[in-house]
Amino acid sequence: MEDLPGYLANATTSLQGRKKTMDSEYDAMVQKDTSRKGRNGEVTGLFGIYAGFGGDRAAQLVKRNLTTGLVKDDKYGDDLETALGNVMMSMHKEIMVMWGNGGEKHGVSAVLVAIRDGHLYCTNAGNSGAVLCRAEGEMESLAKSSPRLDEQGNPPVVVVGLDWEDEFIILGCNGFWSKLSEAQACRMARASLKKFRDVNHAVQKLSYAAYVNGASSNISVTVIILNQETAMGELKAHAKLFNKLKISRGSSFASDASSQISMGAATSPRSGAFSVGGTTTPKSPAFAPSARHKAKKQTPTVCDSSSDRGTPTKESSRGSPLSRSGAVEDLDFDMELLRGEMERYAASHDFERAAKARDKMAA
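Residues numbered from 1 in each chain as written. Predicted model: local features only at pLDDT ≥ 70, side-chain atom pairs only at ≥ 80, totals over all residues. Heavy atoms only, no water.

Each helix and strand in the chain was counted, giving nine helices and 16 strands. When each of the 363 residues of the chain is scored for burial, the buried share is 52%. In the structure as shown, the chain presents an accessible area of about 16,400 Å², 49% of it carried by carbon and sulfur atoms. (Helix = DSSP H or I, 4+ residues; strand = E, 2+ residues; numbered from the N terminus. Buried < 20%, exposed > 50% of the residue type's maximum accessible area, 1.4 Å probe, protein only. Areas by Shrake-Rupley, 256 points an atom, 1.4 Å probe, with all protein chains shown as cover.)

Shown next, in the form of structure tokens:
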């Protein structure tokens, strides 16, 4: 997995939103392993979002101590699943100590993702969550709603084996997932990545979508790239292929003399611009965050330290459909997704599927 382009590139937005206080925290760290036998130089990615409940003290405590406690755990080097369970229990106990010492009884929902040796580990306590977005629109929910970390100390750890079809991961707090389903989030992020090839733009688009759809709490969301080639698409390579095959108005391309697909085209009524596939999609409104809302790109901090795949799901019950009043349209994201599929199939000379994607765009 580490040889894949853009592996573990990531970005996070954390917005105060409509809430009067900012109670959410997050972590993002890529750590080089130097102590594990036979694994010297390989990396572990650690990513977390901690949404405060009733205040920010518990979230800040988890932010300060969770990742450092994980790295110091005796099982961190050879049993990451057990180490994650240990550190979550440790955080629960520290919150209880804080309460017992007269501290305000703030709670926290915490979701943590660790990536190592081609495996993804996810543990969640509360209403935060994470989803693994795969090629062809497939996805897998990584976390279920459960009691908060201040209410329990032993949330389960989900382990998923990764392969090249796994494109990216989305982590979000409960404020984010309350307004977007996992399918919507994957679709929007994928369309943004394929169009702009920028993980910062993807997280901005996601946080903006949750905000304008009425999120009343803090909004924190992280996108982690697993395979840049599949997540963002080789647009330049596809463009060269299309030029080589002379795709133009009314023309056709073929893998051989007996297999041809006619590529439709249309003129945009607005600008007269030529587009492949029978339509031109409008641009989404740009998200121009203030200084408080600015996306924070996570440059990997490299430190020296001493499964079976679950059943994919197509849709999640979490979140609600985007409304027109929210000013967020799924149409342009759907069109970008279909355009990416058409280009990918054409690049691999799978002209039958490319034609089906083209027909969906024209419908």
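Still more to cover.
Here we come to the packing of aromatic side chains. As enumerated under the stated definition, the model contains one aromatic pair in all. Seen from the ring of Tyr76, Arg116 lies directly overhead, with NZ or CZ sitting 4.7 Å from the centre. Arg148 extends its terminal NZ or CZ atom over the ring of Phe53, reaching a point 3.7 Å from the ring centre. (Phe/Tyr/Trp six-rings, centres within 6.5 Å; stacked < 30°, edge-to-face > 60°. Lys NZ or Arg CZ within 6 Å of the ring centre and 35° of its normal.)

Negative phi characterises most residues that are not glycine, and trans characterises most peptide bonds. Of note, the phi angle at Leu8 is positive, near 70°, even though the residue is not glycine. Considering the arrangement of structural elements, one finds Leu8 in the segment before β1 (10–15). The class of Leu8 is buried, set by a relative accessible area of 1%. In this structure, Glu136 takes a positive phi of about 65° despite not being glycine. Relative to the helices and strands, Glu136 is located in the loop between β6 (129–134) and β7 (139–141). Residue Glu136 is classed as partly exposed on the basis of its relative accessible area of 35%.

Averaged over every residue, the pLDDT of the chain is 75; residues scoring 70 or more account for 65%. pLDDT under 50 marks residues 235–294. Its contacts with residues more than four places away, or in other chains, come to 97 contacts. Across residues 299–329 the pLDDT falls below 50, and counting only partners more than four positions away or on other chains, this stretch makes 87 contacts in the model. (pLDDT = per-residue confidence, 0-100. Contact = heavy atoms within 4.5 Å.)

The end-to-end C-alpha distance of helix α5 (residues 199–212) is 20 Å, a good match for the 20 Å that 14 residues give at a rise of 1.5 Å each. Where α5 is concerned, the buried positions are Val199, Asn200, Ala202, Val203, Gln204, Lys205, Leu206, Ser207, Tyr208, Ala209 and Ala210. Taken from the residues just after α5, Gly214 is the one with a positive phi, measuring 105°. (Expected span 1.5 Å × (residues − 1).)

Right, let's talk about the pattern of salt bridges for a bit. Where side chains of opposite charge bring their charged atoms close, a pairing between them can arise. Across all of its chains, the model carries seven salt bridges by this definition. Residues Glu140 and Arg134 are paired through a salt bridge, measuring 2.5 Å at the closest nitrogen-oxygen approach. Of the two residues examined, Glu140 and Arg134, each falls in the buried class. With its nearest N and O atoms 2.7 Å apart, the salt bridge here joins Asp166 to Arg134. Note that Asp166 is positioned in strand β9 (residues 166–172) and Arg134 in strand β6, a separation of 32 residues in sequence. Summarising the burial analysis for this pair, Asp166 and Arg134 share the class buried. (Salt bridge = Lys/Arg side-chain N within 4 Å of Asp/Glu carboxyl O.)

Mapped onto the elements of the fold, His92 is located in helix α2 (residues 80–100). Residue classification places His92 among the buried residues on the basis of a relative accessible area of 15%. Residue contacts for His92: discarding those within four places in its chain leaves Leu149, Asp150, Glu151, Gln152 and Gly153.

Overall, the coordinates contain one disulfide when judged by the stated rule. Across a sulfur-sulfur distance of 2.1 Å, Cys133 and Cys186 are joined as a disulfide pair. Taking the sign of the S-S torsion, about -70° here, the bridge from Cys133 to Cys186 comes out left-handed. With Cys133 in strand β6 and Cys186 in helix α4 (residues 182–196), the pair connects residues that are 53 residues apart, well separated along the chain. On the accessibility criterion, Cys133 (0% relative accessible area) is buried. (Disulfide = S-S within 2.5 Å.)

This brings us to α2. Over its 21 residues, α2 runs 30 Å from end to end, which matches the ideal 30 Å to within 8%, given 1.5 Å per residue. Within the span of α2, buried status applies to Leu80, Ala83, Leu84, Val87, Met88, Met91, His92, Ile95 and Met98. The inward-facing, buried residues of α2 abut β3 (43–53), α1 (57–72), β4 (107–116), β5 (119–125) and β8 (157–161). A positive phi of about 90° marks Gly102, the residue just after α2.

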